[in-house]
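The residues making up each chain are set out below.
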Amino acid sequence: AQTPVKVTVTGAAGQIGYALLFRIASGQLLGADVPVKLSLLEIPQAVKAAEGTAMELDDCAFPLLSGIEVTDDANKAFDGASVALLVGARPRTAGMERGDLLQANGGIFGPQGKAINDNAADDIRVLVVGNPANTNSLIAQQHAPDVPAERFTAMTRLDHNRALSQLAAKLQVPVTEIKKMTIWGNHSATQYPDLFHAEVGGKVAAEQVDEVWLRDTFIPTVAKRGAAIIEARGASSAASAANAAIDHVFDWVNGTEWTSAAIPSDGSYGVPEGLISSFPVASRDGKWEIIQGLEIDAFSRERIDASVRELEEERAAVRELGLI
Ligand code: NAX
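Residues numbered from 1 in each chain as written. Predicted model: local features only at pLDDT ≥ 70, side-chain atom pairs only at ≥ 80, totals over all residues. Heavy atoms only, no water.

Identification of the chain as Malate dehydrogenase from Streptosporangium canum is taken from an unreviewed UniProt entry. In its Function (unreviewed entry) section, the UniProt entry covering the chain states "Catalyzes the reversible oxidation of malate to oxaloacetate." Per UniProt, the chain carries the Sequence similarities (unreviewed entry) text "Belongs to the LDH/MDH superfamily. MDH type 2 family." (UniProt positions renumbered as here; feature names shortened; annotations may be inferred.)

A. Region of the structure containing the sheet that holds strand E7 (residues 178-179). A sheet is described by the order of its strands in space; here 3 strands give the open sequence E7-E10-E11, paired in antiparallel fashion. If you trace the sheet from one side to the other, it starts and ends with E7 and strand E11 (203-204), each paired once. As judged from the 2 bridges shared by strand E10 (residues 199-200) and E11, these two strands associate in the antiparallel manner. Bridge pairing in E11 links glutamate 199 to valine 204. (Pairing = 2+ DSSP bridges. Helix = DSSP H or I, 4+ residues; strand = E, 2+ residues; numbered from the N terminus.)

B. Molecular detail of the packing of aromatic side chains. The full count for this structure, using the stated rule, is 7 aromatic pairs. Their ring planes at 55 degrees and their centres at 5.6 Å tell us that phenylalanine 196 and phenylalanine 299 sit as a pair that is tilted. With a gap of 103 residues between them, phenylalanine 196 in the loop between strand E9 (192-194) and E10 and phenylalanine 299 in helix H10 (residues 298-320) connect regions that are remote in the sequence. In this structure phenylalanine 196 comes out as partly exposed when scored by relative accessible area, which is 28%. Exposure remark for phenylalanine 299: the relative accessible area of 23% places this residue in the partly exposed category. The ring centre of phenylalanine 299 lies 3.6 Å from the NZ or CZ of arginine 303, which sits over that ring. (Phe/Tyr/Trp six-rings, centres within 6.5 Å; stacked < 30°, edge-to-face > 60°. Buried < 20%, exposed > 50% of the residue type's maximum accessible area, 1.4 Å probe, protein only. Lys NZ or Arg CZ within 6 Å of the ring centre and 35° of its normal.)

C. Here's a closer look at the UniProt feature "binding site: NAD(+)" (unreviewed entry) in the chain. The positions that UniProt labels "binding site: NAD(+)" (unreviewed entry) are, in the present scheme, Gly11, Ala12, Ala13, Gly14, Gln15, Ile16, Gly17, Asn105, Gln112, Val129, Gly130 and Asn131. When residues no more than four places from it in sequence are discounted, the contact partners of alanine 12 are Gly17, Tyr18, Leu21, Leu40, Leu41 and Glu42. By secondary structure assignment, the location of glycine 17 is in helix H1 (residues 15-25). Since its relative accessible area comes to 0%, glycine 17 is described here as buried. When neighbours within four sequence positions are excluded, glycine 17 is seen to be in contact with Gly11 and Ala12. (Contact = heavy atoms within 4.5 Å.)

D. Summary view of the packing of helix H6 (residues 157-171) against helix H7 (residues 211-223). The N-to-C vectors of H6 and H7 enclose an angle of 140 degrees; their axes lie 9 Å apart at closest approach. If you check the angle between H6 and H7, you find them oblique. Helix-helix and strand crossings are classified by hand; for H6 and H7 the assignment is right-handed. Across from Asp159, Arg162, Ala163, Gln166, Leu167 and Lys170 in H6, the residues of H7 making contact are Trp213, Phe218, Thr221 and Val222. Of the residues assigned to the contact of H6 with H7, the class counts are 5 nonpolar, 2 polar and 3 charged. (Axes fitted to C-alpha atoms, helices over the stretch in contact; angles between N-to-C directions. Parallel < 35°, antiparallel > 145°, perpendicular 65-115°, else oblique. Left-handed = near helix turned anticlockwise from the far one by under 90°. Nonpolar A, V, L, I, M, F, W, Y, C, P; charged D, E, K, R; others polar.)

Following this line, the structure appears as structure tokens:
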């Protein structure tokens, strides 16, 4: 039998954790033939709740789930881990400035990066979900000098999936008809969902919708969907975020021709090297590759640049705070 793969989930007692863990244990993260061991990392006051979730995982008697540990010790949680889903983060609360938010998250993602560096398996792959996801991923990466930099990623797959579903609804086509969707930049309101490279029925998507809809409805609807979910549900996206995390890791491990993921920039498309920014990516042999050679027109350039500028500002801020 195959050795179980250890998957660590932080913020395991939270609402995304609750939507995520059962899907991992059922085989959807890595594949229906890959046994998994789960490690649930929480802060001390939430360990008991995470233990409750672990009891429910037990009660599913998942054939692929070979063990569960619950801990508040990051070194233990990441020991031997091959996949780390960093979901727990410090949310922005009323009156909190960006500097305070970055500082609080630096206090989480710096030490977790170091714990990954010191304890994880050689093939560790990290997906940061907790916001501000791109910059939290950068902080963790900078504390893990022994881990290849490209193993640190952040999630824009939820934005990608939102863009697919908005476009499918507009054109009255199944989502499977849409190819080459791309989210560029930061997982924030500045993100740029790009219809100039997306294709529907083999033709450019931007040419099948009117310009006003693209600019004034599509882009803001995708970028502000998180807020719309909070408004409707009274709670932030959880099952859809968990679903996107599953998609991201599954494709990273098993390969894909085209999706969106925030990965360390190599300077492609004018995105400064090292920023963890969303790109059109393929995955081959377990590695993300930025899809090259796309023509970027003035409309897209302006929007990519604006989102990348925000990422640069966040990087400058965490440098100034001594967090990286
Ligand atoms: P919850 O508040 O329900 O859960 C967060 C959990 O993290 C809590 O149980 C908390 O105890 C735990 N936690 C806090 N600090 C921790 C630490 N240092 N170590 C381990 N655990 C810790 O939030 P939830 O709705 O699950 O969202 C989690 C994060 O995902 C938030 O930062 C949220 O902003 C972010 N999101 C990111 C999305 C994306 O597309 N990248 C979309 C969904 C979501 O908004």
